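Residue-level structure breakdown
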Amino acid sequence: HMAAPDVASNFQVIRDFGQAEEIFVKAEKEKNLGMQLVVEQGQIYGLALCFGEEAVYGIAAEGFLTGQYLADTMSRLVKKAEAAGYKNLKELQKEHVKLKAGDKVYAVCMDKSIALFIIGQEPLENGMNILGAHIDSPRIDVKQNPLYENEELAYLDTHYYGGIKKYQWVTLPLAIHGVIAKKDGTIVPVSIGDEEEDPVFVITDLLVHLASKQLEKKGSVVVEGEKLDLLIGSRPLEQDPSLDQEEKEAVKANVMELLKKYYDMEEEDFLSAELEIVPAGKARDCGLDKSMVIGYGQDDRVCAFTSLMAMLHTENKKRTSCCILVDKEEIGSVGATGMQSRFFENAVAEILDKCGEFSELKLRRAMANSTMISSDVGAAFDPMHADVYDKRSNPFFGKGMVLNKHTGARGKGGSNDANAEYIAKLRHVFDENKVAFQLTEMGKIDAGGGTIAYILANYDMEVIDCGVPVQNMHAPWEVVSKADVFET
Ligand code: MN
Ligand code: MN
């Protein structure tokens, strides 16, 4: 029911081998191709091929229907950008090239934030059309001195990141992602728990029969931050009986031996490691009708995905196009890789310079004349918890992209407030292009939160919050409606 009219013509199902050759010949010429076995009543019924990147719902089939976007790492984002013709700004800085209309450039900050640009036909000082989203999500981080043994069980000590309901993170299969940076400069990537054959990890919780005292507690302290340590081993190191000295913490020693074997790391390498604990497992279709996607990190990767898709499907426009995907939003957009950093402004300055146009005034004008859609998720109305929502002002699943005139809490505190004229312009664009949207707030008044919008608004540009409605936001598994992803 959500399908664009051209979907049927882009899907071809091979039902008998007589048709197969013709379809495979067509498939070989395609740049982007999706394939899926069609199974009916337990029988393989055919092979469905989906041609071209515009094939499903009018946007890229890759990743959309299966929530693949939730697994994007910075290196995958860079690969997508480079495949679409974007050049690394750092590399261009070394060369004597002048950027011209239609050129595509990207800049990466510490492997955590990225900004993409398509140089417009107009001078940059006329402003950019900016899409922005954040790519960090609430999670549990491993501390810098984490590994310990307690009663012959090995644990990693942790510190949670962002706003989580701690009780939601116990008893789930968990994965570890991140990097170990060694003293000699080598960076060892770590990813354990997402492949079928990988082990996973767990934070334990009390058996209900033993939990009468725990269950008396308030939700915020039922599971406390210090109790979120990760169980990672229980088998002691096999020891040589001829040695006189026995290893005291043999389970911990065994974990260290495995880390040495797989990652060539010593215990002190934890000092310069960034290891993130997240729910294990891929995003899945949700609902008998497969109308939703459940997965970790929809906040805000679903908006990062829709922003990036829009950017990758944009060519040479009048104004410079830009897409920013940033880190650290969940802890206040702080630090070098958060939106409050000079990273983005510096990248714009470098691009002005590469266009042969740099001046402080032109930089300021470029920022002030820009318009931005700051894309972050909205809290979708949940009938199970209707009392915290305001039905007339909250987003619903399946009703399209969320626009928030303002965010903030308790009287709009901490909000970006988009001006009416800008909203009018956007309404015009969306109506012309038949985009379904809903103007909303988060929950009832007094509730609410912030995004990156107000930070860009500080440059005197027009900014509005917009995004995809999410159920279970900030939980290990968050849910979106595919119809809303399509509209966004
Ligand atoms: Mn967010
Ligand atoms: Mn968030």
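Residues numbered from 1 in each chain as written. Chains lettered and ligands numbered in written order. Predicted model: local features only at pLDDT ≥ 70, side-chain atom pairs only at ≥ 80, totals over all residues. Heavy atoms only, no water.

Quick look at the sheet that holds strand β13 (residues 273-279)
Strand order across the open sheet formed by six strands is β11-β10-β13-β8-β9-β12, with antiparallel pairing between neighbours. Single-partner strands in this sheet number two, and they are β11 (187-192) and β12 (230-233). The sheet shows a mean angle of 30 degrees between the axes of neighbouring strands, taken without regard to direction. Direction of pairing for strand β10 (residues 174-181) relative to β11: antiparallel, over a ladder of six bridges. Following the sheet pairing, His177 is matched in β11 by Ser191. (Pairing = 2+ DSSP bridges. Helix = DSSP H or I, 4+ residues; strand = E, 2+ residues; numbered from the N terminus. Axes fitted to C-alpha atoms, helices over the stretch in contact; angles between N-to-C directions.)

Quick look at the pattern of salt bridges
Inspection of every chain in the model, using the stated rule, returns 19 salt bridges. Across the pair Lys425 and Glu462 runs a salt bridge whose closest N-O atoms are separated by 3.1 Å. Remark: Glu462 occurs in strand β21 (residues 462-467) and Lys425 occurs in helix α10 (residues 420-432); sequence separation between them is 37 residues. Each of the salt bridges in this network shares a partner with another, and the network as a whole consists of Lys182, Lys260, Asp264 and Glu266. (Salt bridge = Lys/Arg side-chain N within 4 Å of Asp/Glu carboxyl O.)

Side note on the coordination of the manganese ion (ligand 1)
Within the protein, the manganese ion (ligand 1) binds to His134 (NE2), Asp299 (OD), Asp376 (OD) and Asp376 (OD); these donor distances fall in the range 2.1 to 2.5 Å. Read in sequence order, the donor residues for the manganese ion (ligand 1) give the motif H-x164-D-x76-D. A separation of 3.3 Å is found between the manganese ion (ligand 1) and the manganese ion (ligand 2), both of which receive a donor from Asp299. Of the two residues, His134 is situated in strand β7 (residues 128-134) and Asp299 in helix α7 (residues 298-312); the sequence distance between them amounts to 165 residues. (Donors = N, O, S within 2.8 Å, 3.2 Å for Na, K, Ca; no water.)

With respect to helix α9 (residues 360-368)
Leu363, Ala366 and Met367 are the residues of α9 that are buried. End-on, the buried residues of α9 take up no more than an arc of 95 degrees, which puts them together on one face. Contacts from the buried residues of α9 go to β7 and α8 (343-354). (Buried < 20%, exposed > 50% of the residue type's maximum accessible area, 1.4 Å probe, protein only. Arc of directions from axis to C-beta. Contact = heavy atoms within 4.5 Å.)

Describing a nonpolar patch on the surface
On the surface, a nonpolar cluster with roughly 510 Å² of combined accessible area is contributed by Leu206, Leu207, Val208, Leu210 and Leu215. Here Leu207 shows up in the loop between β11 and α5 (219-222). The class for Leu207 is partly exposed, based on a relative accessible area of 46%. (Patch = residues over 30% accessible without salt bridge, like charges linked within 9 Å, V, L, I, M, F, W, Y side chains within 5 Å. Areas by Shrake-Rupley, 256 points an atom, 1.4 Å probe, with all protein chains shown as cover.)

Focus: the nonpolar core
In this structure, Ile176, Leu230, Tyr263 and Phe270 are the most contacted members of the largest nonpolar core, which totals 35 residues. Sorting the residues of this core by element identifies β8 (139-150), β9 (153-161), β10, β11, α6 (250-263) and β13 as the ones contributing at least two each. It is α6 that contributes the most residues to this core, five residues altogether. Discounting chain neighbours no more than four positions away, the residues touching Tyr263 are Ile180, Lys182, Val188, Pro189, Val190, Ser191 and Ile192. Ranked by size, the runner-up nonpolar core spans 34 residues in total, among them Leu124, Leu352, Cys355 and Val463. (Core = buried A, V, L, I, M, F, W, Y, C linked by side-chain atoms within 4.5 Å.)

Topic: unusual backbone geometry
In the segment running from Asp299 into Asp300, the intervening peptide bond is cis, with an omega of 10 degrees. As for its placement among the helices and strands, Asp300 is situated in helix α7. Even without being a glycine, Met110 presents a positive backbone phi close to 50 degrees. Locating Met110 in the fold gives a position in the loop between β5 (104-109) and β6 (113-118). The backbone phi angle of Glu151 is positive, close to 50 degrees, even though this residue is not glycine. Take Glu151: its relative accessible area is 72%, and that puts it in the exposed class.

Side note on the coordination of the manganese ion (ligand 2)
Coordination of the manganese ion (ligand 2) by the protein involves Asp299 (OD), Glu330 (OE), Glu330 (OE) and His474 (NE2), with metal-donor separations of 2.0 to 2.6 Å. Between consecutive donors of the manganese ion (ligand 2), the numbers of intervening residues give the motif D-x30-E-x143-H.

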